[in-house]
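# Structural features, examined
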Amino acid sequence: MTRPLRGLAVLQLLSLSPALPSFKSFANSLSRLNFLFLRSLFLPSPSFSDSESSTSKAETSPLLPDSPPSDSTNPTSYRFRAADPAGRRYSSRKWFSKTEVMQRLTSVLSNGGWDLSFLNSPHVELDGLNVIRMLNDLFDGSSDAALAFFFFTWSWSYNGSNHGLRMVCAMIHISVLGSMNHMAVSFLRSIVRIGDGGKEWHESVFDILRETSRNRKVLEIVYSMLVNCYIDEGTLEKAIGLVNYMKKFNLFPTIEVYHALIRNLLESNQLNSAWEVFTEMPSSGDGSNELIISLFIHELCVRGSFVCACKLLSEMQNYGGKADIVVYTMVIDAFCKWGLLKEATAMLYKLIEMDFSLDYVLIASIVDGYCKAGRLVEAIGLLNSLSCVPDAYIYNSFILKLCKDGNVEEASKLFNEMFEIGINPDAFNYTTIINGYCKIYLIDQALNTFGLMLKRGVKPTILTYTMLIDGCCKVNDLQGAEHIFDVMKREGIQPDVVAYNTLINGYSKKGHMHKAYEQIDMMRMNGVIPDVATYNILMHGLIKRGFIMESREMFNELVRRGLFPDKIAFTNVIDGHSKEGNLEEAYLIWCSMNNSGIKPDVVTCSTLLSGFCKMHRMQDAGVLFHKMLDAGLEPDLILYNTLLHGYCREGDINEACRLLVMMKESSIVPNDITFQGLIHGLEKNGVENPVESAALKVREIFLLKCAG
């Protein structure tokens, strides 16, 4: 029995489904998705043969893309191209000319009982429902999703109008059945991106996908793909909505999709939603939940919720998982990062009691925690108790702490000890000791270590070169810094923004602003984008040289380029205004920092206070000082000295003494600058022997009151 085709599209998609506000935009998006493919099919092109006798491979074309989209995030970037004789060969697919494809298509449809006489009438419009039936019959009769996709695009061109959502959904199911998952994902991604109709649009998509499905397992796969598309687009609420919709029909995403959803929810600080998704997902019973549970344990550790993390760790088996050494290492490492070394050590010895085999990652984590806390002797004792021979990473923990404390001599002894016991230092070890020498201005020793590094065949990292550049700048050897910078580039290491900033900072501190600007140009030429730190360095250099107007222009450029000024940037621009006497403008910027989500620190307040004091506006300085105290900021010695000198210049010894009392209560010891300010104030008040009087007042406040 033949199946007649109606001349009019009586059962188009819009009559089969609710009116969708974004249907037009979806059709436009779908049109863009397949434009290149349609053009290659229906426009004159040397890629197709109009004759059956043509056998040239250059005149044939594949029915499906030979690779996934070049841009997996952009469904409009699909590239369909002719088969390349020199390219990748497909052993499981035969390539056909356009004529051969049409012959296969008509043969399969005719065998399925379809009357194809309408092909000779250009005025007959294919009915939407019949197109879906023909797509299904084509796949059933050929098991070839590519052939169905050919008809999908051909019927689109034949009708001269876009296919509806129902036909697209049918094609999605066929794509999955025919192992063309990349095509299904492209369609689904387009659906997600143009779903501007809100919740109703997506609910309609869910319903239509279910209605057009003929295979329950395929439907579950399609829904999983759609959930993953929502995750990729950052629409987690819609992803959760689809998961809940699936549960109504006892359908569930794959474990990989659940994992991706939970991970993204945790990354977006939605712990409760993530836990709800986890507790409602089906139990696989194969231990695959371990990775998901470890995500929750990691998130709890990051938040410092160790009671909950340890409870979940002990109850992992209740959730279909088993705690392994990796999870325990994660918790111990978090304990160390939070300074909870006692708890970390207790868990370590608990693992020993449980007969866990301790690996170097775990031991290195806890040793590094002890080293960062400055408890090097205890770290060595721990290594001895575990009969553990340190590796390069463990040595680096000791060397790093010693260098940070300025004890480079001891760090160097440890570094040399590595050679004696047969451990070859890695790039991190060399870089750490080089940085230690640079910090105490021993650039010659740093360069000698660098030479040893090269001699032993250890390849320097970009951080190694950056440390050396910084070391040369510290000792005012800009020529040496330039040389190292050039060597880095000759060795094929492209400087990053930190390396550029280090050299620019060296130029800026020496006042070579023209060279600093030259490096900015070089950065952009090499595709390195200046960051906020770059602009901060330039602003500070300009202000230091008295170019206040230029520093403000630099701040404006920072904002104009879409960067968000940080605390240092605000401090620089406030400092510039203060130095020019524009204190009202400086104060307004100080107030605006909170609106930008940036809390002023003591350095920022000192900059503005210094401006008020220099302009003899001590009342305003006092108001700002108390605002700072109300905000919870704790003044340092520099800020106290700034304010004390301001009061003493005005001869206000009482306020100066009150500041001294506050310094004593905060355990801040005065220095020579404090003392000189007090002497100047006493001189302003005509006190005889101001030096002795100042010493007496300081002794009275800091010594006598302490004794009392």
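Residues numbered from 1 in each chain as written. Predicted model: local features only at pLDDT ≥ 70, side-chain atom pairs only at ≥ 80, totals over all residues. Heavy atoms only, no water.

## Here's the deal with the layout of surface pockets
Its boundaries defined by the atoms lining it, the second largest pocket holds a volume of some 260 Å³. What lines the second largest pocket is a set of 12 residues, among which Lys 199, Glu 203, Phe 206, Lys 238 and Gly 241 lie closest to the centre. For the lining of the second largest pocket, the secondary-structure elements that each account for two or more residues are α9 (199-211) and α11 (236-248). Per-element tally for the lining of the second largest pocket: the top contributor is α11, with seven residues. Looking at the lining of the second largest pocket residue by residue, the class counts come to three nonpolar, four polar and five charged. (1 Å grid on protein atoms, 1.4 Å probe; cavity = no way out; pocket = protein on both sides within 12 Å on 5 of 7 lines; lining within 4 Å. Points joined across faces, edges and corners; volume = space filled by probe spheres on them. Helix = DSSP H or I, 4+ residues; strand = E, 2+ residues; numbered from the N terminus. Nonpolar A, V, L, I, M, F, W, Y, C, P; charged D, E, K, R; others polar.)

## Overview of the environment of Cys 613
Mapped onto the fold, Cys 613 is located in helix α32 (residues 602-614). Classification of Cys 613 as buried rests on a relative accessible area of 1%. Once residues within four sequence positions are removed from consideration, Cys 613 is found in contact with Met 618, Ala 621, Thr 642, Leu 643, Gly 646 and Arg 649. (Buried < 20%, exposed > 50% of the residue type's maximum accessible area, 1.4 Å probe, protein only. Contact = heavy atoms within 4.5 Å.)

## Quick notes on the side chain of Asn 396
Positionally, Asn 396 belongs in helix α20 (residues 392-404). A polar contact is formed between the side chain of Asn 396 and the side chain of Thr 432, at a distance of 3.0 Å. Among all residues touching Asn 396, those that are not within four sequence positions of it are Phe 428, Asn 429 and Thr 432. (Polar contact = N/O pair within 3.5 Å; in protein donor to acceptor, adjacent residues only side chain to side chain.)

## Looking at the confidence of the model for the chain
Confidence in the prediction of the chain, expressed as mean pLDDT, is 81, and 82% of residues score 70 or more. Scored below 50 in pLDDT, residues 1-92 makes 178 contacts in the model with residues more than four places away or belonging to other chains. (pLDDT = per-residue confidence, 0-100.)

## Some words on a positive patch on the surface
Taken together, the side chains of Lys 509, Lys 510, Lys 544 and Arg 545 present a region of like positive charge at the surface. Mapped onto the elements, Lys 544 comes out in helix α28 (residues 532-544). (Patch = residues over 30% accessible without salt bridge, like charges linked within 9 Å, V, L, I, M, F, W, Y side chains within 5 Å. Areas by Shrake-Rupley, 256 points an atom, 1.4 Å probe, with all protein chains shown as cover. Salt bridge = Lys/Arg side-chain N within 4 Å of Asp/Glu carboxyl O. Lys, Arg positive; Asp, Glu negative; His and termini not counted. Charge placed at Lys NZ, Arg CZ, Asp CG, Glu CD.)

## Points about empty space enclosed by the protein
Across all of its chains, the model carries two cavities of 30 Å³ or more by this definition. By volume, the largest cavity is sized at about 40 Å³. Examining the composition of the lining of the largest cavity, we find that three residues originate from one element, helix α7 (residues 165-177), more than from any other. Considered class by class, the residues forming the lining of the largest cavity number three nonpolar, five polar and one charged.

## Quick notes on the pattern of salt bridges
Once the charged atoms of two side chains with opposite charge are near each other, the side chains can pair. This model, assessed by the stated rule, comprises 23 salt bridges. Taking the shortest distance from any N to any O, the salt bridge between Arg 617 and Glu 584 comes out at 3.1 Å. Separated by 33 residues along the polypeptide, Arg 617 in the loop between α32 and α33 (618-630) and Glu 584 in helix α31 (residues 583-595) bring together distant segments of the chain. Note that Glu 655 and Arg 658 form a salt bridge whose closest N and O atoms lie 2.5 Å from each other. Here Glu 655 and its partner Arg 658 are both found in helix α35 (residues 653-665), three residues apart, which amounts to about one turn of the helix. The network of salt bridges with shared partners includes Arg 524, Glu 557 and Arg 561.

## Examining the nonpolar core
Of all hydrophobic cores here, the largest spans 210 residues; its most connected members are Ile 297 and Val 367. Once you skip the residues sitting within four places of it in the chain, Ile 297 turns out to touch Ala 309, Leu 312, Leu 313, Met 316, Val 327, Met 330 and Val 331. (Core = buried A, V, L, I, M, F, W, Y, C linked by side-chain atoms within 4.5 Å.)

## Some remarks on the packing of aromatic side chains
In total, this model carries 21 aromatic pairs according to the counting rule given. For the pair Tyr 223 and Tyr 245, a centre-to-centre distance of 6.0 Å together with 75° between the ring planes defines the contact as edge-to-face. On the criterion of sequence distance, the pair formed by Tyr 223 in helix α10 (residues 216-232) and Tyr 245 in helix α11 is long-range, its members being 22 residues apart. Judged by centre distance (4.6 Å) and plane angle (20°), the rings of Phe 306 and Phe 335 are stacked. Remark: Phe 335 occurs in helix α16 (residues 325-337) and Phe 306 occurs in helix α15 (residues 306-314); sequence separation between them is 29 residues. Take Phe 306: its relative accessible area is 9%, and that puts it in the buried class. Chaining the aromatic ring pairs together yields one cluster made of Phe 206, Tyr 223, Tyr 230, Tyr 245 and Phe 249. (Phe/Tyr/Trp six-rings, centres within 6.5 Å; stacked < 30°, edge-to-face > 60°.)

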